[in-house]
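# Descriptive analysis of the structure
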Amino acid sequence: MIETENLRIYPASQEQMESFIASQTDEDLKIAYTEMLNGCLQNPKQWKWYTIWMIEFKDKTHIGELCFKGLDIHGVTEIGYGILEEYQGKGYATEAVRAVTKWALNQSGVIAIEAETEENNLASRKVLEKCGFVLNGKMGEEGPRFTLVKKSI
């Protein structure tokens, strides 16, 4: 579990993921989360790199999720995140992404984290920039790609 000033962020268990998937009303999200669960089950030793990470207030109020999309052989992972609409615009995405990327870059073998955001999603772009991500000149399926590289000591 990662704790910040306002948040608790933790990787979901199989049971939590199954319950979360069952509760989804958006079919696209249900499919995406099911793919994540399958990634977890196929890569149990890398569970944290495939699972849903729950974002909650300290009182356990659920406010969003984030995820990594595996960890490749080059030490690069991709992050995705979302905050429920009623909690957006209050800095919680930045707080969560900053904490989790710090955690990730301290894990053995991780050298960089990538993300992409839709061209017109200025809020998400600002989150990435505040967390130290920079445009890498590539386009992904959703839009411009950003990279955060582990700093050498």
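Look up: the structure comes first, before these words.
We now turn to the structure provided with this report.

### Looking at the packing of helix H1 (residues 14-23) against helix H2 (residues 27-42)
Working note: a packed helix pair is described by the angle between its axes plus the distance between those axes. Contact geometry of H1 with H2 gives a least axis separation of 9 Å together with a crossing angle of 165°. One element, H1, and the other, H2, form an angle in the roughly antiparallel class. The handedness of the crossing between H1 and H2 comes out as left-handed. Here Gln14, Met17, Glu18, Phe20, Ile21 and Ala22 of H1 lie close against H2, whose contacting residues are Lys30, Tyr33, Thr34, Met36, Leu37, Cys40 and Leu41. Of the residues belonging to the contact of H1 with H2, the class tally is nine nonpolar, two polar and two charged.

### Some thoughts on H1
Listing the buried residues of H1 in full gives Met17, Phe20 and Ile21. Across the axial projection of H1, the buried residues extend over an arc of 100°, all falling on one side. Exposed positions of H1 whose direction lies more than 90 degrees from the buried face are Glu15 and Ala22. Buried-residue contacts for H1 involve H2, strand E3 (52-57) and strand E4 (62-71).

### Regarding the packing of aromatic side chains
Across all of its chains, the model carries eight aromatic pairs by this definition. Their ring planes at 85° and their centres at 6.0 Å tell us that Trp53 and Phe68 sit as a pair that is edge-to-face. One end of the pair, Trp53, is in strand E3; the other, Phe68, is in strand E4, with 15 residues separating them in the sequence. In terms of burial, Trp53 and Phe68 fall into one category: buried.

### Topic: H2
The α-helix advances 3.6 residues per turn, and as a result positions three or four apart in sequence lie on the same side. Its 16 residues place the ends of H2 22 Å apart at the C-alpha level, agreeing with the 22 Å of an ideal helix rising 1.5 Å per residue. Of all the residues in H2, the buried ones are Tyr33, Met36, Leu37, Gly39 and Cys40. For H2, the angular spread of buried residues about the axis comes to 155°, placing them on one side. Exposed residues pointing more than 90 degrees away from the buried face of H2 are listed as Asp28, Glu35 and Gln42. Summarising the contacts, the buried residues of H2 are in contact with H1, E3 and E4. N-capping of H2 is provided by Asp26, with a side-chain oxygen placed 2.8 Å from the backbone N of Asp28.

### Re the sheet that holds strand E1 (residues 2-3)
Overall, mixed pairing links the eight strands, which are arranged E1-E2-E3-E4-E5-E6-E8-E7 in an open sheet. The open sheet has two edge strands with one neighbour each: E1 and strand E7 (134-139). Pairing of E4 with strand E5 (residues 76-83), which is carried by six bridges, proceeds in the antiparallel orientation. By the bridge assignment, Glu65 is partnered in E5 with Gly82.

Cut-off values and rules
- Residues numbered from 1 in each chain as written.
- Predicted model: local features only at pLDDT ≥ 70, side-chain atom pairs only at ≥ 80, totals over all residues.
- Heavy atoms only, no water.
- Axes fitted to C-alpha atoms, helices over the stretch in contact; angles between N-to-C directions.
- Helix = DSSP H or I, 4+ residues; strand = E, 2+ residues; numbered from the N terminus.
- Parallel < 35°, antiparallel > 145°, perpendicular 65-115°, else oblique.
- Left-handed = near helix turned anticlockwise from the far one by under 90°.
- Contact = heavy atoms within 4.5 Å.
- Nonpolar A, V, L, I, M, F, W, Y, C, P; charged D, E, K, R; others polar.
- Buried < 20%, exposed > 50% of the residue type's maximum accessible area, 1.4 Å probe, protein only.
- Arc of directions from axis to C-beta.
- Phe/Tyr/Trp six-rings, centres within 6.5 Å; stacked < 30°, edge-to-face > 60°.
- Expected span 1.5 Å × (residues − 1).
- Polar contact = N/O pair within 3.5 Å; in protein donor to acceptor, adjacent residues only side chain to side chain.
- Pairing = 2+ DSSP bridges.

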